[in-house]
Amino acid sequence: MTRPPRAETAVPRKPMTDWIPFEEGNYLVQQAYLITDAGAAVALENPSIHITTGRAGRKHLQGTCLVRNMLVVDLLEDTDSLDILLDLGEEFTFLLEMPDIQAGKVFSPDVKSTLRFAPVSPWKHLSRRMFDERLKRLNRIDGETG
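All figures in this text were calculated on a predicted structure; none of them were measured in a lab. (Residues numbered from 1 in each chain as written. Predicted model: local features only at pLDDT ≥ 70, side-chain atom pairs only at ≥ 80, totals over all residues. Heavy atoms only, no water.)

Chemist: Describe the pattern of salt bridges, listing the residues and the values that go with them.
Modeler: Under the definition given, this model contains six salt bridges. One salt bridge connects Arg129 with Glu133, and the closest N-O pair in it is separated by 2.9 Å. One end of the pair is Arg129 and the other is Glu133, both in helix α3 (residues 128-137) and four residues apart, which spans about a single turn. By relative accessible area, Arg129 is classed as exposed at 54%. Taking the relative accessible area as the measure of exposure, Glu133 reaches 34% and is therefore partly exposed. For Arg140, the salt bridge goes to Asp142, with nearest N and O atoms at 3.1 Å. Where salt bridges share partners, they join Asp87, Arg128 and Asp132 into one cluster. (Salt bridge = Lys/Arg side-chain N within 4 Å of Asp/Glu carboxyl O. Helix = DSSP H or I, 4+ residues; strand = E, 2+ residues; numbered from the N terminus. Buried < 20%, exposed > 50% of the residue type's maximum accessible area, 1.4 Å probe, protein only.)

Chemist: Tell me about the sheet that holds strand β4 (residues 45-53), residues and numbers included.
Modeler: The strand order across the open sheet built from five strands is β1-β4-β5-β9-β8, with neighbouring strands paired in antiparallel fashion. Every other strand in the sheet has two partners, leaving β1 (25-28) and β8 (100-102) as the edge strands with one partner each. Sheet twist, expressed as the mean angle between neighbouring strand axes with direction ignored, is 20°. Where β8 meets strand β9 (residues 112-118), three bridges bridge the pair, whose relative direction is antiparallel. (Pairing = 2+ DSSP bridges. Axes fitted to C-alpha atoms, helices over the stretch in contact; angles between N-to-C directions.)

Chemist: I'd like a rundown of the nonpolar core, residues and numbers included.
Modeler: Nonpolar side chains tend to gather and get buried jointly when the protein is soluble and globular. If you look at the biggest cluster of nonpolar residues, it comprises 26 residues, and the most contacted ones within it are Leu34, Ile49, Leu86, Phe117 and Trp123. Those elements that provide at least two residues to this core are β2 (31-35), β3 (40-43), β4, β5 (59-68), α2 (69-76), β6 (83-87), β7 (93-96) and β9. Apart from residues no more than four positions distant in its own chain, Trp123 is found in contact with Trp19, Pro21, Phe22, Ile49, Leu61, Leu86, Phe94, Leu95 and Leu96. Formed by nine residues, the second largest nonpolar core is a distinct cluster that contains Leu95, Leu126, Leu135 and Leu138. (Core = buried A, V, L, I, M, F, W, Y, C linked by side-chain atoms within 4.5 Å. Contact = heavy atoms within 4.5 Å.)

Chemist: Please give an account of the side chain of Asp87 that cites residues and values.
Modeler: Locating Asp87 in the fold gives a position in strand β6. Given a relative accessible area of 2%, Asp87 falls into the buried group. At a separation of 2.8 Å, a polar atom in the side chain of Asp87 contacts the main-chain amide nitrogen of Gly89. Apart from the residues lying within four places of it in its own chain, the contact partners of Asp87 are Val29, Gln30, Gln31, Phe92, Thr93, Arg128 and Phe131. (Polar contact = N/O pair within 3.5 Å; in protein donor to acceptor, adjacent residues only side chain to side chain.)

Chemist: Describe in detail the pairing of β4, supporting the description with residues and values.
Modeler: Inspection of the sheet shows β1 paired to β4 by four bridges, in the antiparallel sense. When the bridges of β4 are listed, Asn26 appears paired with His50. Bridge count between β4 and β5: seven bridges; the pairing is antiparallel. From the neighbouring strand, Ile51 faces β5, where its bridge partner is Leu61. Linkage of β4 to β5, two consecutive antiparallel strands, is achieved through a turn of five residues, within which Gly57 is found at a positive phi near 90°.

Chemist: An account of unusual backbone geometry is requested, with residue identities and associated values reported.
Modeler: We note that Glu90 has phi near 50°; this positive angle belongs to a residue other than glycine. The residue Glu90 is located in the loop between β6 and β7 in this model. According to the relative accessible area criterion, Glu90 is exposed, its value standing at 64%. The phi dihedral of Met98 falls on the positive side, at around 40°, and the residue is not glycine. Relative to the assigned elements, Met98 resides in the loop between β7 and β8.

Laid out in structure tokens, this is it:
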């Protein structure tokens, strides 16, 4: 008796295009913001991204930064959906929509912890003009101005 083909081999998979335009390595990010759909935002401190290549040859991105945990809690009071704006300089400005975010769990007003983020879908390239316009509309809850 022959077995039917397994589901994952029965349908050919389309290869996902490589959306990361950078080589492997660590990259400093000039500015980054954790934002809500309503425009509330917190600046992320010392942001950087790390690009690696997996066994299948596909690139992966992970970012790190520092943030005041209480400010993240404040953003989450209105929504569960947070995005990240990234500015790597020149025309390299991007929007990460609802990335996977991991942060510390100490909720004292003065405590900062490392926040790690990884995209769950390809980032969206924003023109410098679009990025700057979004920055102007942000409502910074960290006491700073855009």
